[in-house]
Amino acid sequence: MIIIVSILIVLVILAIVFGLFYFRKQNNDLIDQITARLDQFRQNNVDEMIDQISDTKLSGETLADFTQDKEKYVAITKEQLPKMESQLIDYSEKNLNFQVWSAHHALKQLAQQSLNQQEVLEHLRNTFSNLFDHIQKNQTALEHIEAKSQKLQNKLQTNMVHYQEAYAPLQNQLDEITKRLPTIKELVATGDALKAHKLLEETQVQLSKFQTESEQVLQRSTGLETDFKAELKELVSAEQKLNVAGINMEDPQIDAELTEIKQQIKQLKDLLALLQINQFDQLKVTINERIDYLYERIAQEWRAQKKVQNAQLVLADFIQHAQRQNRLLLQNINRLGQHYIIKQEDQDVAISCQQKIQQISQNYQNLVKSIKQRQAIYSKVWQEFQQASQQLTEIEHQQQKIAASFDGLRQGENVGQDNLQQISQQLRQLKHQIEVIRLPGLPPKYQDNYQMVHDEVDKLAELLADKPVNVEEVTKQMFVTQEDLNNLKQQTKKLWDDVQIASRLLQYSNRYVEEYPAVKQAANKSQNLYDQKFNYQQAREVISQALEQVEPGAVKRISELYYAESESQK
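Residues numbered from 1 in each chain as written. Predicted model: local features only at pLDDT ≥ 70, side-chain atom pairs only at ≥ 80, totals over all residues. Heavy atoms only, no water.

(A) Geometry of the overall build of the protein chain. Along the backbone of the protein chain there are 18 helices and 0 strands. Expressed as a percentage of its 570 residues, the buried residues of the protein chain come to 37%. For the protein chain, the share of sequence-separated contacts (at least 6 apart) that also reach a separation of at least 24 residues comes to 79%. (Helix = DSSP H or I, 4+ residues; strand = E, 2+ residues; numbered from the N terminus. Buried < 20%, exposed > 50% of the residue type's maximum accessible area, 1.4 Å probe, protein only. Contact = heavy atoms within 4.5 Å.)

The structure is reproduced here in structure tokens:
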């Protein structure tokens, strides 16, 4: 127990000793910081600047502010600074005598106090420096402003004629700025440097703004006398040339436009007199755009006149060509209508084309009349010409399409006649092919299909014999008949193959009828289907199944032999 207590005592003593040396080191660091800060106060004093300012004549707010700031500075440097130096010495001695804790607390307070005083002194130094600078520069600035004011006044008077109505407001502006100069001069002379500096800065800004504005007004006023003069004169001349050339324009007319433009130019002068530069610039842009657009309208009419002159005869020929073509088209419809049925759609289109051509021709005559009477607006005439040309081109395509369909009528009829002959001949050949094998009868379905094709051939012949010929119906009937004939050909071949193979299989089965009752029974059934039912396909299937039971492969061999013989006979 005694040992533990001894250890604890030793540890406490060590902690105290450690803390003592730690805080003593901290205190030494604070002492070094405060010492350096106080030394800086001594080195960066502005006593000489204060003395120079005190030697000058001060008054008003400047004197009051300077006196107050000087008292603050003296209080810090003459009273508080020595006091802080004395306190620093006392706290340093305490630290050396190991009164570290009480010294630490006091040194922290002193460090904060010195920091606060440093900020105050820095502010005072800047204030004195600015004041000293103003005192030295105010006179120079005043002389500069007076010289600039006089220069601006001379320029204003010299260019009085060019400024025109803007001269008076500019002069009033300059007078309003320069009437402050006596007050500033008095402030400089009496030593109210801060107030004088403030007024000098404001006056300098106002003079710079006035200089910019006066130069802008002079530039615009001078240009206003010449900017639009040439254009207006040229536009008046252009109007006279248009009249001589018989060229008209849509409203608004040139003289009305020029009247409004001149009024807007007068508004420009009024805006300059009111020193409204931005509004002046905006209106000037509007006037320039208006003049440019008027030039473009004039040029457009000149170009349109040339285009109309070049296109007038061309369009007249195009109209005559369209009339001639449509007249021939209607004649062909009447002539061909006696032999063929013409589509109602084609007839309607031809009549519609005729009406459109008449309308285009009438409109063209009216336009030519307006040109001769010098009443035409060529840009509109040119648009009408372009539209008419486009319509005539579309009419020409429609005429060509109908004419091509007429050629198809003759060709369709000829193709129909040729196909009728071919189909009729092929149908006769099929009939002969069936008659050759002398069948006991034909399957009902085959007879029906044959009769259907035969009727379709008769219908095709009737359509071709009718007058006028409906080529469209002929073409449809021709395709239907040909397709059904192709089907009949396939059915005929299938019938022929079933008959031939069934006959061969029945003949071959005779070798097995005595030995195999099933073959005999199948042969009888197959023969009955062949002779009585005329179902040659089923007859072939029945005998094929029976033979395949007694002699596998025989049906295939006999069938292949038949197909080989048929192929070699083609």
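(B) Just the packing of helix H17 (residues 536-550) against helix H18 (residues 554-569), in detail. Between H17 and H18, the shortest axis-to-axis distance is 8 Å and the interhelical angle comes to 130 degrees. Between H17 and H18, the angle falls in the class oblique. Residues Arg-540, Ser-544, Leu-547 and Glu-548 of H17 pack against Ala-554, Val-555, Ser-559 and Tyr-563 of H18. Residue composition of the contact of H17 with H18, grouped by class: 4 nonpolar, 2 polar and 2 charged. (Axes fitted to C-alpha atoms, helices over the stretch in contact; angles between N-to-C directions. Parallel < 35°, antiparallel > 145°, perpendicular 65-115°, else oblique. Nonpolar A, V, L, I, M, F, W, Y, C, P; charged D, E, K, R; others polar.)

(C) Local environment of the nonpolar core. Ranked by internal contacts, the top residues of the largest apolar core, which has 60 residues, are Leu-170, Val-217, Phe-228, Ile-287, Phe-385 and Leu-392. Looking at this core, the elements that each hand over two or more residues are helix H4 (100-158), helix H6 (167-178), helix H8 (193-224), helix H9 (229-245), helix H10 (254-273), helix H11 (277-336), helix H12 (344-372) and helix H13 (378-436). Looking at this core element by element, the count peaks at 15 residues for H11. The contact partners of Ile-287, leaving out residues within four places of it in the chain, are Phe-228, Ile-261, Gln-264, Ile-265 and Leu-268. (Core = buried A, V, L, I, M, F, W, Y, C linked by side-chain atoms within 4.5 Å.)

(D) Focus on H12. Under the 1.5 Å per step criterion, the end-to-end length of H12 is 42 Å for 29 residues, consistent within 8% with the ideal 42 Å. If you check which residues of H12 are buried, you get Asp-346, Ala-350, Cys-353, Ile-357, Ile-360, Ser-361, Tyr-364, Leu-367, Val-368, Ser-370 and Ile-371. Of the residues one or two after H12, Arg-374 is the one with positive phi, at around 60 degrees. (Expected span 1.5 Å × (residues − 1).)

(E) Local environment of the packing of helix H16 (residues 517-533) against H17. As a packed pair, H16 and H17 sit with axes 8 Å apart at the nearest point and diverge in direction by 170 degrees. Overall, the two elements H16 and H17 adopt an arrangement that is roughly antiparallel. Of H17, the residues touching H16 (which contributes Ala-518, Val-519, Ala-522, Ala-523, Lys-525, Ser-526, Leu-529 and Tyr-530) are Tyr-536, Gln-538, Ala-539, Arg-540, Val-542, Ile-543, Ala-546 and Val-550. Class assignment for the residues of the contact of H16 with H17 results in 12 nonpolar, 2 polar and 2 charged.

(F) Seen up close, the packing of aromatic side chains. All chains considered together, the criterion is met by 5 aromatic pairs. Between Tyr-530 and Tyr-536 the ring centres are 4.8 Å apart and the planes differ by 80 degrees, which places this aromatic pair in the edge-to-face class. Here the aromatic cluster, defined as three or more aromatic residues joined through ring pairs, consists of Tyr-508, Tyr-512 and Tyr-516. (Phe/Tyr/Trp six-rings, centres within 6.5 Å; stacked < 30°, edge-to-face > 60°.)

(G) The arrangement of unusual backbone geometry in detail. A cis geometry characterises the amide bond from Asp-251 onward to Pro-252, with omega recorded as 0 degrees. Structurally, the position occupied by Pro-252 is in the loop between H9 and H10. The phi dihedral of Arg-438 falls on the positive side, at around 45 degrees, and the residue is not glycine. When you line up the elements, Arg-438 lands in the loop between H13 and helix H14 (444-465). On the basis of relative accessible area, Arg-438 is assigned to the exposed category, the value being 73%. The phi angle at Phe-534 is positive, at roughly 60 degrees, despite the residue not being glycine. Relative to the helices and strands, Phe-534 resides in the loop between H16 and H17.

(H) Spotlight on the environment of Ala-523. Along the chain, Ala-523 falls in helix H16. Each C-alpha atom of the pair Ala-523 and Leu-506 lies 6.3 Å from the other, and the pair is 17 residues apart in sequence. Residue contacts for Ala-523: discarding those within four places in its chain leaves Leu-506, Ser-509, Val-513 and Ile-543.

(I) Structural view of a negative patch on the surface. Where like charges cluster on the molecular surface, the negative patch consists of Asp-455, Asp-458, Glu-462 and Asp-466. With respect to the secondary-structure elements, Asp-466 resides in the loop between H14 and helix H15 (471-509). (Patch = residues over 30% accessible without salt bridge, like charges linked within 9 Å, V, L, I, M, F, W, Y side chains within 5 Å. Areas by Shrake-Rupley, 256 points an atom, 1.4 Å probe, with all protein chains shown as cover. Salt bridge = Lys/Arg side-chain N within 4 Å of Asp/Glu carboxyl O. Lys, Arg positive; Asp, Glu negative; His and termini not counted. Charge placed at Lys NZ, Arg CZ, Asp CG, Glu CD.)

(J) Structural view of the side chain of Arg-297. Examined against the element boundaries, Arg-297 turns out to sit in helix H11. Lacking a salt bridge, the buried Arg-297 has Glu-257 as its closest oppositely charged neighbour, with an N-O distance of 4.8 Å. A distance of 2.4 Å separates the side chain of Arg-297 from the backbone oxygen of Glu-250, its partner in a polar contact. Contacts of Arg-297, omitting those with residues within four sequence positions, involve Met-249, Glu-250, Asp-251, Pro-252 and Glu-257. (Polar contact = N/O pair within 3.5 Å; in protein donor to acceptor, adjacent residues only side chain to side chain.)

(K) Examining the side chain of Thr-492 more closely. Tracing the sequence through the fold places Thr-492 in helix H15. With residues near it in sequence (within four places) discarded, Thr-492 still touches Leu-430, Gln-433, Ile-434 and Tyr-446.

(L) Focus on the pattern of salt bridges. Inspection of the entire model under this criterion finds 11 salt bridges. Linking Glu-250 and Lys-380 is a salt bridge whose minimum nitrogen-to-oxygen distance equals 3.3 Å. On the criterion of sequence distance, the pair formed by Glu-250 in the loop between H9 and H10 and Lys-380 in helix H13 is long-range, its members being 130 residues apart. Residues Arg-557 and Glu-551 are paired through a salt bridge, measuring 3.2 Å at the closest nitrogen-oxygen approach. For Arg-557, a relative accessible area of 43% puts it in the partly exposed group.

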